[in-house]
Amino acid sequence: MATASPPLASGRKAKDIISAARESLAKMIGGKPQDIIFTSGGTESNNLVIHSVLRHFHKAHASVGDAAERHRLVEGATPHFVTCTVEHDSIRLPLEHLVEEQVAAVTFVPVSKVNGQAEVDDILAAVRPATCLVTVMLANNETGVIMPIPELGRRVAALNQQRAASGLPRVLLHTDAAQALGKRRVDVKDLGVDFLTIVGHKLYGPRIGALYVRGLGERTPLYPMLFGGGQERGFRPGTENTPMIAGLGKAAELVTENCEAYEAHMRAVRDYLETRLVAEFDQKIHLNSQFPGTERLPNTCNFSIRGPQLQGRLVLAQCRTLLASVGAACHSDQGDRPSPVLLSCGIPAEVARNALRLSVGRSTTLAEVDLVVQDLKQAVARLEGQA
């Protein structure tokens, strides 16, 4: 299998495949192909953003002359990050590590217990002179709640104008769009972000990722975490995984062509699921991802069936048909501990402990929903019969 680098016919073909995939990803998010970097996945993309912003902060403050004078108000300050309490571990843990190493300060803004969102006013109130990055996910992976990123983008842009006038460095804005892509239209111009994380398997592509960087290397800094052969213009070296990149490009192409149809189908099936759950379990059901007036992803249903013997893990163990998770599927080894995300959103611990997260897909049918609800009903009956 040829790599995209050698000047051979097969190498040129591989390079063309990668270029076409880059264009497809850019089209999907309304960006430019030259602003897309391929990575191994969302975890790498998120870590790359944090690494780059931290490095840029130190490089800017190590400069001399006029640049140093412009940043005089934050001279000697610790670089500061702002995020929220319901972020994915690939954001939360790297930031906590920086705090432990005493190389950065981080503010974790609580989400509203009324709407499940990180409020823009609360995020901006956390910004300090030494703040270098605000990172807030586009949609939460457990509740499906859509965060107000377009408003945040506009407010951060206005704030940066004020900071420039005061000689303060620009605050960069990142959103992890892993959960939202493929389920709703995403446009980087509407969002106003500097960085956006893309994850292939969340949009029916292979397990690979990408990172959008607005004005890569010119307007917005990016510093490699790896050093090697210079692939991806040196920002992410390593031999290109051409088949996986091609698959991601095709997945992006399908999203661009069919996103509205995907969204409408998933919403109809998800809404039917929630209607059936309420009809079957009545007062015992608590829909954890419904917040009045808050937009959410069309595929996500997070709910609890109230009862002392009905912890999510126990219910799933009794199911014969249903395959689901009790929280974030990529780290679902928490036992019966309630989800920190649900607790942050104001869900009581005894309810959060019983949570199940169901995700419907592009091909999920109403008949399959009926089977799942019947499966849940029988699982609950078995557990309550054992009590």
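Please refer to the structure placed before this passage.
Described below are features of the structure shown in this document.

What counts and how
- Residues numbered from 1 in each chain as written.
- Predicted model: local features only at pLDDT ≥ 70, side-chain atom pairs only at ≥ 80, totals over all residues.
- Heavy atoms only, no water.
- Helix = DSSP H or I, 4+ residues; strand = E, 2+ residues; numbered from the N terminus.
- Rg over C-alpha atoms; globule rule 2.2 N^0.38 Å.
- Buried < 20%, exposed > 50% of the residue type's maximum accessible area, 1.4 Å probe, protein only.
- Pairing = 2+ DSSP bridges.
- Axes fitted to C-alpha atoms, helices over the stretch in contact; angles between N-to-C directions.
- Polar contact = N/O pair within 3.5 Å; in protein donor to acceptor, adjacent residues only side chain to side chain.
- Contact = heavy atoms within 4.5 Å.
- 1 Å grid on protein atoms, 1.4 Å probe; cavity = no way out; pocket = protein on both sides within 12 Å on 5 of 7 lines; lining within 4 Å.
- Points joined across faces, edges and corners; volume = space filled by probe spheres on them.
- Right-handed = clockwise from strand over helix to strand, strands pointing away.
- Salt bridge = Lys/Arg side-chain N within 4 Å of Asp/Glu carboxyl O.
- Phe/Tyr/Trp six-rings, centres within 6.5 Å; stacked < 30°, edge-to-face > 60°.
- Lys NZ or Arg CZ within 6 Å of the ring centre and 35° of its normal.

**Some words on the overall build of the protein chain**
If you tally the helices and strands in the protein chain, you get twelve helices and ten strands. Relative to its length of 387 residues, the protein chain is compact, with a C-alpha radius of gyration of 22 Å against a globular reference of 21 Å. Across its three principal directions, the C-alpha atoms of the protein chain cover 75 × 55 × 35 Å. The buried share of the protein chain, taken over its 387 residues, is 55%.

**Points about the sheet that holds strand β8 (residues 285–287)**
The strand order across the open sheet formed by three strands is β8-β9-β10, and the pairing between neighbours is antiparallel. The sheet terminates laterally at β8 and β10 (355–359), the two strands that pair on one side only. Strand-to-strand twist across the sheet, computed as the mean angle between neighbouring axes with direction ignored, equals 30°. Looking at chain direction, strand β9 (residues 300–305) and β10 are connected through five bridges and run antiparallel. Counted as the bridge partner of T300 is S359 from β10.

**What to know about the side chain of S90**
The residue S90 is located in helix α4 (residues 89–100) in this model. Among the polar contacts made by the side chain of S90, one reaches the side chain of N46 at a distance of 2.9 Å. Of the polar contacts made by the side chain of S90, one reaches the side chain of H88; its length is 2.9 Å. Setting aside its immediate chain neighbours within four residues, S90 contacts G42, T43, N46, N47 and I50.

**Brief notes about the layout of surface pockets**
The calculated volume of the largest pocket comes to roughly 780 Å³. Around the largest pocket, the lining comprises 30 residues; the ones closest to its centre are L323, L358, S359, V360 and G361. Of all elements in the fold, only α8 (242–281), β10 and α12 (366–386) reach the threshold of two or more residues within the lining of the largest pocket. Looking at the lining of the largest pocket, the element that brings in the most residues is α12, giving four residues.

**Observations regarding the pairing of strand β2 (residues 80–84)**
In terms of burial, β2 is largely enclosed, as five of its five residues are buried. Side chains H80, V82 and C84 project from β2 onto one buried face, and the interleaved F81 and T83 project onto a second face that is buried too. Summarising the sheet, β2 and strand β3 (residues 105–109) pair through five bridges and their orientation is parallel. Its bridge partner lying in β3, H80 is registered against A105. Regarding the hand of the β-α-β motif, the stretch spanning β2, α4 and β3 is right-handed. Bridging between β2 and strand β4 (residues 131–135) involves three bridges; their strand directions are parallel. In the strand pairing of β4, F81 is matched with L133.

**Examining the sheet that holds β4**
Each strand in a sheet pairs with another by means of backbone hydrogen bonds, the pair being arranged parallel or else antiparallel. Sheet architecture is open: seven strands sit in the order β1-β7-β6-β5-β4-β2-β3, paired in mixed fashion. Taken across any chain shown, the strands that pair with only one partner, and hence form the sheet edges, are β1 (36–39) and β3. With direction set aside, neighbouring strand axes in the sheet form an average angle of 20°. Packing of α4 onto the sheet brings it into contact with β2, β3, β4 and β5 (172–176), and relative to β3 it is tilted by some 140°.

**Topic: the pattern of salt bridges**
Overall, the coordinates contain 20 salt bridges when judged by the stated rule. One salt bridge connects R214 with D194, and the closest N-O pair in it is separated by 2.8 Å. Here R214, found in the loop between β7 (209–213) and α8, pairs with D194, found in the loop between α7 (188–191) and β6 (195–199); they are 20 residues apart in sequence, far enough to count as distant. Judged by relative accessible area, R214 falls into the partly exposed class, the value being 26%. Note on D194: relative accessible area 3%, which makes it buried. One connected set of salt bridges, linked through shared partners, spans R170, D194, R214 and R219.

**Observations regarding the packing of aromatic side chains**
A full pass over the atoms with the stated rule returns zero aromatic pairs. Between the NZ or CZ atom of R362 and the centre of the ring of Y204, over which it lies, the distance is 3.9 Å. Between the NZ or CZ atom of R362 and the centre of the ring of Y262, over which it lies, the distance is 3.9 Å.

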